[in-house]
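# Overview (structure and organization)
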Amino acid sequence: MTQPTRKPVLFVLTSYSDVAHNISGFYFSELVHPLHVLEQAGIPGVLASIQGGLPPVYGVDLDDDVNARYWNDKAFQQRLSQTLKLSETHSEDYSAVLFVGGHGTMWDFPDCPDVQRIIRELYEADKPVAAVCHGPAALVNATLSDGRYLVEGKRVAAFTDAEERAVKLAEVVPFLLETTLKNRGALHQAAGEWQPLTLVDGNLITGQNPQSATGVGEALRNKLNG
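Residues numbered from 1 in each chain as written. Predicted model: local features only at pLDDT ≥ 70, side-chain atom pairs only at ≥ 80, totals over all residues. Heavy atoms only, no water.

## Comments concerning the pattern of salt bridges
What counts, and what does not: Just to be clear on terms, a salt bridge is a Lys or Arg side-chain nitrogen sitting within 4 Å of an Asp or Glu carboxyl oxygen. By the criteria applied, helices consist of DSSP H or I runs no shorter than four residues and strands consist of E runs no shorter than two, each listed in order from the N terminus. To sort residues, take the accessible area from a 1.4 Å probe on protein chains only and compare it with the maximum for the residue type: under 20% means buried, over 50% means exposed, and anything in between is partly exposed.
Scanning all chains against the criterion turns up five salt bridges. Residue E121 pairs with R117 through a salt bridge whose shortest N-O separation is 3.8 Å. One end of the pair is E121 and the other is R117, both in helix α5 (residues 113-124) and four residues apart, which spans about a single turn. Note on E121: relative accessible area 34%, which makes it partly exposed. Exposure remark for R117: the relative accessible area of 17% places this residue in the buried category. One salt bridge connects R148 with D146, and the closest N-O pair in it is separated by 2.8 Å. Residue class for D146 comes out exposed when judged on its relative accessible area of 53%.

In structure tokens form, the structure reads like this:
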């Protein structure tokens, strides 16, 4: 018998550019490291962004083998240039969602109705919702059908206020992610600055920083293969 085709994971990228100091959009390794883990496990990924098309990107470190492999892959660059517009995606087409980090997310993830829709629909369909670094900006205003914040009472990792101050952007971003998640009732946990930390609380998977991107991919793979 032919095995049923696996539904892909939806990777969501920011479309916001011009943050500061040559920082724009999403952070490259936070896309390709979890994507690599999933693709190695036979789990496909589909790329979407808030506005569709080619999203702004930074953090392309070509000394990193996974980064270099994807950055120099013409087929991948074509996929990246043709991301779906998030408003045109349907949650039933996907097995999970992963919100990729990067400072741009702080501007266009929190109040995007389609971000909130995808999160609510997938989570309430018992499917994983994952986010890494600044990707949990998608979670700060995400509510369930009963009106509660999804993160309320959940263990959550995200880019810390200390890390934001360390990169000298605490006065640039519109809010501090760690503080805001705590204000929403999240049980925020943190490792030291630039130390990897991935947390799994039911179907919510979060990672603290770029160093956590592979761990988020592995946790999502394990959840989908479980």
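## Some points on the nonpolar core
Formally: The criterion is simple. A nonpolar core is a set of buried Ala, Val, Leu, Ile, Met, Phe, Trp, Tyr and Cys residues joined through side-chain atoms within 4.5 Å. Note on contacts: a residue pair is in contact if any heavy atoms of the two residues lie within 4.5 Å.
Among the nonpolar cores identified, the biggest contains 34 residues, and L86, F99, V115, I119, V129 and L181 are the most heavily contacted of them. When contributions to this core are tallied by element, the ones reaching two or more residues are β1 (9-13), β6 (96-99), α5, β7 (129-132) and α7 (177-183). Here this core gets five residues from one element, more than from any other, and that element is α5. Other than its neighbours up to four places away in sequence, L86 contacts L10, V12, A48, S49, I50, C112, D114, V115, R117 and I118. V66, A96, A213 and L220 belong to the second-largest nonpolar core, a separate cluster that totals 27 residues.

## Thoughts on unusual backbone geometry
Despite not being glycine, D126 shows a phi value in the positive range, around 65°. Within the chain, K168 stands out as a residue other than glycine whose phi angle is a positive 60°.

## Observations concerning the sheet that holds β6
Which entries qualify depends on this criterion: Strands are labelled as partners when DSSP assigns at least two bridges between them. Helix axes are fitted to C-alpha atoms over the stretch in contact, other axes to C-alpha atoms as well, and angles between N-to-C directions run from 0 to 180 degrees.
The seven strands are arranged β5-β3-β1-β6-β7-β11-β10 in an open sheet whose pairing can be described as mixed. The open sheet has two edge strands with one neighbour each: β5 (84-85) and β10 (198-201). As paired strands, β1 and strand β3 (residues 45-49) are joined by five bridges and run parallel to one another. In the strand pairing of β3, V9 is matched with G45. Across the sheet, helix α1 (residues 28-40) touches β1, β3, β6 and β7, and the angle it forms with β1 is around 175°.

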